Amino acid sequence: MKMRLLSRKATCNTHGQDSSYFLGWQEYEKNPYDEVLNPKGIIQMGLAENQLSFDFLESWLAKNPDVAAFKRDGKSIFPELALFQDYHGLPAFKKALVDFMAEIRGNKVTFDPNHIVLTAGATSANETLMFCLAEPGEAFLLPTPYYPGFDRDLKWRPGVEIVPIQCTSSNNFQITEAALQQAYQEAEKRNLRVKGVLVTNPSNPLGTTMSRNELNLLIDFISDKDMHLISDEIYSGTVFSSPGFVSVMEILNENNSLKDQVWDRVHVVYSLSKDLGLPGFRVGAIYSNNDTVIDAARKMSSFGVVSSQTQYLLSAMLSDKKFTRNYITQNQKRLKRRQRMLISGLQKAGISCLESNAGLFCWVDMRHLLQSNTFEAEMELWKKIVYDVRLNISPGSSCHCTEPGWFRVCFANMSEQTLELAMKRLKAFVVELTANGCSQSRTEFSSWNSKRKSLPKWVFRLSSRDREQEEP
Amino acid sequence: MLSRKASCDSHGQDSSYFLGWQEYEKNPYHTVHNPTGIIQMGLAENQLSFDLIESWLRRNPDIVGLKRDGESAFRELALFQDYHGLPVFKNELVDFMAKIRGNRIIFASNKLVLTAGATPANETLMFCLAEPGEAFLLPTPYYPGFDRDLKWRTGVEIVPIHCSSSNGFRITSSALERAYQQAQKLNLNVKGVLVTNPSNPLGITMNRAELNHLIDFAIDKNIHIVSDEIYSGTVFDSPKFVSIMELAMERELYNADIWNRIHIVYSLSKDLGVPGFRVGMIYSNNETVVDTATKMSSFGLVSSQTQFLLASILSDKKFTEKYMKETQRRLKKRREMLVSGLRNAGIQCLISNAGLFCWVDMRHLLTSDTFEAEKELWKRIVCEVGLNISAGSSCHCSEPGWFRICFANMSQETLQVAMQRMKAFTDSSNSAVSQQQFVNNTRARSLTKWVFQLSSYESEPHR
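From a predicted model like this one, the values you see are computed outputs, not experimental measurements.

Thresholds applied
Residues numbered from 1 in each chain as written. Chains lettered and ligands numbered in written order. Predicted model: local features only at pLDDT ≥ 70, side-chain atom pairs only at ≥ 80, totals over all residues. Heavy atoms only, no water. Helix = DSSP H or I, 4+ residues; strand = E, 2+ residues; numbered from the N terminus. Buried < 20%, exposed > 50% of the residue type's maximum accessible area, 1.4 Å probe, protein only. Contact = heavy atoms within 4.5 Å. Areas by Shrake-Rupley, 256 points an atom, 1.4 Å probe, with all protein chains shown as cover. 1 Å grid on protein atoms, 1.4 Å probe; cavity = no way out; pocket = protein on both sides within 12 Å on 5 of 7 lines; lining within 4 Å. Points joined across faces, edges and corners; volume = space filled by probe spheres on them. Nonpolar A, V, L, I, M, F, W, Y, C, P; charged D, E, K, R; others polar. Phe/Tyr/Trp six-rings, centres within 6.5 Å; stacked < 30°, edge-to-face > 60°. Domains from an automatic or database assignment. Buried area = accessible area lost by both parts, 1.4 Å probe. Salt bridge = Lys/Arg side-chain N within 4 Å of Asp/Glu carboxyl O. Polar contact = N/O pair within 3.5 Å; in protein donor to acceptor, adjacent residues only side chain to side chain.

J.: Give me the lowdown on the overall build of chain A, citing residues and values where you can.
T.: In terms of helices and strands, chain A carries 17 helices and 15 strands. In chain A, which comprises 472 residues, the proportion classed as buried is 63%. Summarising the internal contacts of chain A: among those between residues at least 6 apart in sequence, 76% fall at separations of at least 24. Carbon and sulfur atoms make up 49% of the accessible area of chain A, which amounts to about 18100 Å² in all.

J.: Tell me what's going on with the environment of B:Val113, and back it up with residues and numbers.
T.: Residue and element names in this part refer to chain B. Among the secondary structure elements, Val 113 is positioned in strand S4 (residues 112-115). Classification of Val 113 as buried rests on a relative accessible area of 1%. When the C-alpha atoms of Val 113 and Tyr 283 are compared, they prove to be 6.4 Å apart, with 170 residues separating the residues in sequence. Sequence-distant contacts of Val 113, that is, excluding residues within four places in its chain, are made with Gly 280, Met 281, Ile 282, Val 290, Ala 293, Thr 294 and Ser 297.

J.: Help me get a handle on empty space enclosed by the protein, residues and values and all.
T.: Residues and elements named next belong to chain B. Within the structure shown, the criterion is met by five cavities of 30 Å³ or more. Here the largest cavity is characterised by a volume of approximately 190 Å³. Lining the largest cavity are 20 residues, with Pro 139, Ile 171, Thr 196, Ser 199 and Leu 202 sitting closest to its centre. Looking at the lining of the largest cavity, the elements with two or more residues in it are strand S5 (135-139) and strand S7 (190-196). A total of three residues in the lining of the largest cavity trace back to one element, the largest contributor, which is S7. Looking at the lining of the largest cavity residue by residue, the class counts come to 13 nonpolar, five polar and two charged.

J.: Summarise the packing of aromatic side chains; cite the residues concerned and give the values.
T.: Within this structure, the stated rule accounts for 31 aromatic pairs over all chains. Consider the rings of A:Phe54 and B:Phe74, whose centres lie 5.9 Å apart with planes at 90 degrees: the pair is edge-to-face. In this pair, A:Phe54 sits in helix H3 (residues 54-63) while B:Phe74 sits in helix H5 (residues 74-79), so the two residues belong to two different chains. Across the pair, B:Phe74 and A:Phe54 agree in class, each one buried. Judged by centre distance (6.5 Å) and plane angle (70 degrees), the rings of B:Phe236 and B:Phe407 are edge-to-face.

J.: So what's going on with the domain arrangement of chain A? Which residues, and what values?
T.: Quite often, the size of an interface is put as the accessible area lost when its parts meet. Residues and elements named next belong to chain A. The domain boundaries assigned to chain A delineate domain 1 (3-53 + 334-470) and domain 2 (62-323). The centre of domain 1, based on its C-alpha atoms, is set 27 Å off from the matching centre of domain 2. Across the boundary between the two partners, domain 1 contributes 31 residues, which contact 34 residues of domain 2. For the pairing of domain 1 and domain 2, the buried interface totals around 2900 Å² over both sides, and the portion due to carbon and sulfur atoms is 61%. Considering only the surface of domain 1 that becomes buried against domain 2, Leu 354, Asn 357 and His 400 emerge as the three largest contributors, covering 22% of it. Across the contact surface, domain 1 and domain 2 share zero salt bridges. Inspection of the region where domain 1 meets domain 2 yields 17 residue pairs in polar contact (both at pLDDT 80 or more). Elements with a contribution of two residues or more to the side of domain 1 that touches domain 2: helix H15 (321-348), strand S12 (361-365) and strand S15 (406-410).

Dropping the structure here:
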């Protein structure tokens, strides 16, 4: 019998990386915009990064050089840190992190550092929770549209299935009881045992915080069906306007009887990648009141422990309460401003967005620009926007949206000037589109020479940074 | 409610390997605060050369501040989460890996995948190479962590290749065959062999005969070879380290199928003594494996802050050369200390030339040739003698009475205290009335010639 050389995981496509979400990135990589060197290149608007508040972090680092230098009270603690691989995590860091999480929630919730597990990013956290909560072949329900990365993070190695909870524009994509039940029945029809619901709150790609109503619905649902709830709150620090952020933990705190029933089945995922803009440092966390989950997740975190060098640096930074308080406020202000810029720029192009109060992106309605109400038409439009308008945005279909025509457009990962340029291009495109009716004249695809590496000597170079006007 | 993985014990962390750690945690030795506490000798850490790195850091203050050539790299690093890894870091790593192998091989950085330590590297390779329920063969004794790393979430089985003291625990063709047949008997599809070279817990480098047997075997059975070379930089004595890749090249196998089935795992945790920084990697000539492993590394990327720091250190070639030579010199001295201290206590070790530990023969101290007796002895050593050492059974050794004792994770003084305690223990054991002595069988006696250490004691200069 001929044996397979590699595992099925290695040779299949369940890593999900053939989706357009990643293809857009690839196109961008071949022809990246640069204000000076490649002004006609593709502007990256598909990357949910927060590049707006580095100056705060940099100035803190400049004022506290010892921390990065592995010093504590003037003494080198390099050996101690170099050796520290305990998957329980650096106690000072866990304390600082849970305090930070509480602060983001207006201190309406407190977290116990003994119930937090550190992981190398939220990617690792979500996968680990799947390994802990579900067998291969079991399922989790996810409201659509959702972050395309989940197709890889939740399904690939744990073998878990995702069954969508279809949300629609008719009620601003909010989760309804009917949608939950429908999803559950769909799973049953497919003979899938549902182990829980996973939501992202605030939502990616919607940019909205979940309402209390939705949260209560969810809790009732998981209580009734005896399943888990994972709340990925990676964007919790990016809420910049009302209504404020309500964490599922807050709801549980408010309702004691509910709390008793589902206390050990609600788990929160967090990360510093979006709030602090530090995706490269790989800091994620799982929070749960379920001791067995925490115990198992902690052991599994061996497969993705956070660098002690990074834990130490961030424990010092997050322990500086004056700094964190100021950072949270200022960061949110800047995000709000950017979101307004994007919204008004889109408005000028006759494009509207879902009203949002969080996140690093807007959920944009381009249904009126489709040639037909189909996903094929959405792909057509998307390709035009990537190749002709030269904006890499994310099509709703890659987020499993049930309605064609919606796109996620990021606003916090480029300079103000670049955002303005993007809006100009978009406006020009729409004008031309509507002027020409069904046919569009193609602009020349810029033949950017791929010989030029998109990476300078050793790191990505950013387009010129934007200096925000506020006081740090 | 929870998955089987979350509620079962196959994470392996109830083995004595971890229980000894727990005892130590309750009563840890400290020269001043707790001089009668348990001395940790179960931790394979390299603590001997931090002074060298610390002095490098003092000479290069900009690097920790995330500056290079006066310019801040903070933003770029903060955003850098590309699973292809920081290019400069990978370039330095392949150079470093080549240097460890005497530059007899060249590695290409595009075949290197970075992971948060060797732990995820090994797990990832299992995910890439085997289905749940399939098996890898591992020579015993092996690192207890493999029971978790290779099996837990991947569902892969481990079938042991039994090695014995009769030939210094070397891997033989017949042992390989026997293991393969055992797997067949258990209805397990064997996907490969995983070896640790230099070996943990033996502390020896694989010789050419073993490497050749391994390659022949893998060719014959059409299976993979994973060579965990995490200790490759700790080779402090002859014979020099020969990587499986080197042998494969010598045999001109680069156009053969087997070339795509040889994978190396490496890490900076042992050589540079930085396990906390979580730097591991997979090296493979198999494009699909590299591609898949790269995507899987999303679940355990190396912090960009750490990549930057270590790239800078490794780029200082003068420093790394001096560092490696000095570290190896210090390791060798430490090993001498342990070996002679044990010999003083009437205990012998497997002759070793690498690693951060010795494989110690205490069979003569067992009350019977059983694992129960080994457990008894181990408990006495942990609780009465106050040394946390690792029992051979936790490493799946097929013969009772062997222990792994680390020598690079404590100060010289502490090691001396440990040796004194050991001598006191064996002295008192010898004088005990009606103590059943375990009689060495002929096999054990024939070992003396080439298994037991006969080097003379060298006095340690003060650092």
